[in-house]
Amino acid sequence: MRRALTLLAILAATSSTAHAQWTLETSNSTADLRGIHSIGGGVAWASGTNGTVLRTEDGGYAWRSCSMPPGAEKLDLRGIQAFDANTAIVMSSGRGDLSRLYKTTDGCHSWRLVFRNPDKDGF
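Report follows, based on the coordinates. (Residues numbered from 1 in each chain as written. Predicted model: local features only at pLDDT ≥ 70, side-chain atom pairs only at ≥ 80, totals over all residues. Heavy atoms only, no water.)

**As for the pattern of salt bridges**
Inference 1: On inspection of all chains with the given rule, the structure shows five salt bridges.
Inference 2: Between aspartate 76 and arginine 34 there is a salt bridge; the shortest N-O distance is 3.1 Å. Here the residue aspartate 76 occupies a position in the loop between strand S4 (64-65) and strand S5 (77-82), and arginine 34 occupies one in strand S1 (residues 33-40), the gap between them amounting to 42 residues.
Inference 3: Since its relative accessible area comes to 45%, arginine 34 is described here as partly exposed.
Inference 4: Of the charged contacts in the structure, one is a salt bridge between glutamate 57 and arginine 55, with a shortest N-O distance of 3.7 Å.
Inference 5: Taken together, the shared-partner salt bridges connect Arg34, Asp76 and Arg78 into one network. (Salt bridge = Lys/Arg side-chain N within 4 Å of Asp/Glu carboxyl O. Helix = DSSP H or I, 4+ residues; strand = E, 2+ residues; numbered from the N terminus. Buried < 20%, exposed > 50% of the residue type's maximum accessible area, 1.4 Å probe, protein only.)

**Comments concerning the state of the cysteines**
Inference 1: Per the stated rule, a full pass over the model turns up one disulfide.
Inference 2: Here cysteine 66 engages in a disulfide with cysteine 108; their sulfurs sit 2.2 Å apart. Every disulfide takes its handedness from the sign of the S-S torsion; for cysteine 66 and cysteine 108 that torsion is -75°, giving left-handed. Separated by 42 residues along the polypeptide, cysteine 66 in the loop between S4 and S5 and cysteine 108 in the loop between strand S7 (100-104) and strand S8 (112-116) bring together distant segments of the chain.
Inference 3: Exposure remark for cysteine 66: the relative accessible area of 12% places this residue in the buried category.
Inference 4: Looking at cysteine 108, the relative accessible area reads 1%, which means it is buried. (Disulfide = S-S within 2.5 Å.)

Structure below.
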């Protein structure tokens, strides 16, 4: 969805049968978001165009813009894998060295480039 993150939250009923409800939340970001990963406990990460990375710790009610990975201003961050509230890896894709992996271990205050595609024709 353009210009807004639609966070899909599943709320389980207290009975033995789960009933799902969808709650739409806004990210207040102008990026086209491509990746999202929820690790539970209200913590989720999202990634998107122009090096955008967002994080929430309250189930999506408030999204915080993360610092941008170095050199990612024009990258399309298509995937994100979160490990906990402080650690995540984002993946960009594109031809050659536009395909990269960045990692944070401090809650997205800083990022380290951990992989850059060495094949100039690779995607």
